[in-house]
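The lines below spell out each chain.
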Amino acid sequence: MSARGVLAAGVLAVSLFAAATHAAPRPVVVLDPGHDRYANLVTEPIGPGSSVLKIKDGGGTRGVVTGLPEADLNLRVALRARSLLERAGIRVVMTRTRTQGKSMGNIARARIANRAHAALYLRIHADGSADPSVRGTHTLYPAFRRGWTDDIYTASRRAAGIVQHELVRALGFPDDGLQERADYTGFNWANVPAILVEMGFMTNPTEDRLLATAAYEQRAAVGLCRGTLRFLARSPARCS
Ligand SMILES: [Zn+2]
C-alpha cells in the first residue's frame, strides 16, 4: 500500500470508529421533578383498567423554615442531575423544566418515560410529615402486580437499592431504606424501570435548611447521577 493508501486507510478506519462510536445507542434517562406550581385535583385510575381513582397531584410539601415549595426544590435538583448525566454521555428527557402550571398528573409523566424507552424513570421528590422530627432519605419502587409492574419489578427494585445507597452517601441524611408501593399511579402506568426518591423531609428544619442550599442540591444531584450510572453499569466517577 502506498503512503497515501495507508493514510487513506487510516482516515477510513478513524471515521468508521467515529461512526461506530456515534452509532452506539446512548441510554435515555427520564428525570421527573415531582409536582408543579399548582395541584391537580382531577382523578385518574391508579393502573391500566383500574376502577380505583386517585387525584393527579395533591401539590407536594414545602420547607417548614425556608418556605421553599417542593416543586421548586425537585426541579433545581433535577436540572443539576441533568447536567451531570449529560456530561457523562446519558441522554436526558425531562417531564418538566419549569414550575409554572397545573401539575400534569402521574399517567402523563409515566407516558413520557414510556415513550422515551427510558432505561430509568427517576422521579425526584422531598417528603413532608406532621412530625417535624421525622427525617431521612428513602426510595420507593413499584410493588409486583401481574399485568402492571411484573415486567419492571426486578429492575426497579435493583435501581432503588443502588440509587438510595448513593443518595444517602451524598447527602449524609439518615437512611430510611426502601419502600415498595402498590398504590402509586406513576409506577403502575410505567413500562420502564421506575423509582421515586424522597431526598429528605422538608418539614424537618435541619433537612429543609440544608436542601435549600446550592451545595446540598448539588450533593443530591451527584448522588442521583452516581446511582443512575451504577444502575446502568457505567462508571459513577464521571458524576463529580
Ligand atoms: Zn412530592
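Calculation rules
Residues numbered from 1 in each chain as written. Predicted model: local features only at pLDDT ≥ 70, side-chain atom pairs only at ≥ 80, totals over all residues. Heavy atoms only, no water. Donors = N, O, S within 2.8 Å, 3.2 Å for Na, K, Ca; no water. Tetrahedral: all angles 85-135°; square planar, octahedral: opposite > 155°, others 65-115°. Helix = DSSP H or I, 4+ residues; strand = E, 2+ residues; numbered from the N terminus. Axes fitted to C-alpha atoms, helices over the stretch in contact; angles between N-to-C directions. Parallel < 35°, antiparallel > 145°, perpendicular 65-115°, else oblique. Left-handed = near helix turned anticlockwise from the far one by under 90°. Contact = heavy atoms within 4.5 Å. 1 Å grid on protein atoms, 1.4 Å probe; cavity = no way out; pocket = protein on both sides within 12 Å on 5 of 7 lines; lining within 4 Å. Points joined across faces, edges and corners; volume = space filled by probe spheres on them. Salt bridge = Lys/Arg side-chain N within 4 Å of Asp/Glu carboxyl O. Expected span 1.5 Å × (residues − 1). Buried < 20%, exposed > 50% of the residue type's maximum accessible area, 1.4 Å probe, protein only. Pairing = 2+ DSSP bridges. Core = buried A, V, L, I, M, F, W, Y, C linked by side-chain atoms within 4.5 Å.

### Observations concerning the coordination of the zinc ion
Reference values for coordination geometry: four tetrahedral donors around a metal ideally subtend 109.5 degrees, six octahedral donors ideally subtend 90 or 180 degrees.
So, step 1. Every protein donor of the zinc ion is accounted for by His35 (NE2), Glu70 (OE), Glu70 (OE) and His125 (ND1), and the metal-donor separations fall at 2.1 to 2.8 Å.
So, step 2. Considering all four donor atoms around the zinc ion, angles at the metal cover 51 to 144 degrees and the coordination shape is irregular.
So, step 3. For the zinc ion, all donor residues lie on one chain, and their spacing in sequence is H-x34-E-x54-H. A residue pair is termed long-range when its members are at least 10 positions apart, and Glu70 in helix 2 (residues 70-87) and His125 in strand 5 (residues 120-127) qualify at 55 residues.

### Remarks on the packing of helix 2 against helix 7 (residues 214-231)
So, step 1. At their nearest, the axes of helix 2 and helix 7 sit 8 Å apart, and the two run at 50 degrees to each other. Between helix 2 and helix 7, the crossing angle belongs to the class labelled oblique. Handedness of the crossing formed by helix 2 with helix 7: right-handed. Residues Leu73, Arg76, Val77, Arg80, Ala81, Leu84 and Leu85 of helix 2 touch helix 7, and the partners they reach there are Ala214, Glu217, Gln218, Ala220, Ala221, Val222, Leu224, Cys225, Thr228 and Leu229.

### Some details on the layout of surface pockets
So, step 1. Here the largest pocket is characterised by a volume of approximately 360 Å³.
So, step 2. Forming the boundary of the largest pocket are 21 residues, of which His35, Asp57, Gly58, Asn106 and His125 lie nearest the centre.
So, step 3. Elements represented by at least two residues in the lining of the largest pocket include exactly strand 3 (53-57), helix 3 (106-115), strand 5, helix 5 (185-188) and strand 8 (194-201).
So, step 4. A total of four residues in the lining of the largest pocket trace back to one element, the largest contributor, which is strand 3.

### Some thoughts on the pattern of salt bridges
So, step 1. Scanning the entire structure with this criterion turns up nine salt bridges.
So, step 2. Bridged by salt links that share partners, the residues Asp32, Asp57, Arg109 and Arg123 form one connected network.

### Looking at helix 4 (residues 153-171)
For an α-helix the count is 3.6 residues per turn, leaving residues at separations of three or four pointing the same way.
So, step 1. Counted at 1.5 Å a residue, the expected span for helix 4 with its 19 residues is 27 Å, and the 26 Å between its end C-alpha atoms agrees.
So, step 2. Every buried residue belonging to helix 4 is among Tyr153, Ser156, Ala159, Ala160, Ile162, Val163, Gln164, Glu166, Leu167, Val168, Ala170 and Leu171, and all of these are buried.
So, step 3. Tucked into the core, helix 4 has its buried residues touching strand 5, strand 6 (137-142), strand 7 (175-181), strand 8, helix 6 (205-211) and helix 7.
So, step 4. Positive phi shows up at Gly172, right after helix 4, with a value of about 75 degrees.

### Quick look at the environment of Ala130
So, step 1. Mapped onto the elements of the fold, Ala130 is located in the loop between strand 5 and strand 6.
So, step 2. In the structure, Ala130 is positioned 99 residues away from Leu31 in sequence and 28 Å away in space, judged by C-alpha atoms.

### So, the sheet that holds strand 4 (residues 91-94)
Whenever strands of a sheet pair, they do so through backbone hydrogen bonds, lying parallel or antiparallel.
So, step 1. Spatial ordering of the open sheet is given by 4-1-5-8-6-7, a layout of six strands whose pairing is mixed. Looking at strand neighbours, the two that pair on one side only are strand 4 and strand 7, the edges of this open sheet. Recorded for the sheet is a direction-independent mean angle of 20 degrees between the axes of neighbouring strands.
So, step 2. Along the sheet, helix 4 contacts strand 5, strand 6, strand 7 and strand 8; its crossing angle with strand 6, the most-contacted strand, is approximately 170 degrees.

### Comments concerning the nonpolar core
So, step 1. The biggest cluster of nonpolar side chains holds 42 residues, and the ones touching the most others in it are Leu31, Ile124, Ile195, Val197 and Met199.
So, step 2. Secondary-structure elements contributing two or more residues to this core are strand 1 (28-33), helix 2, strand 4, strand 5, helix 4, strand 8 and helix 7.
So, step 3. With eight residues, the top contributor of residues to this core is helix 7.
So, step 4. Grouped together as the second largest cluster of nonpolar side chains are 18 residues, Ile112, Ala113, Ala116 and Val192 included.

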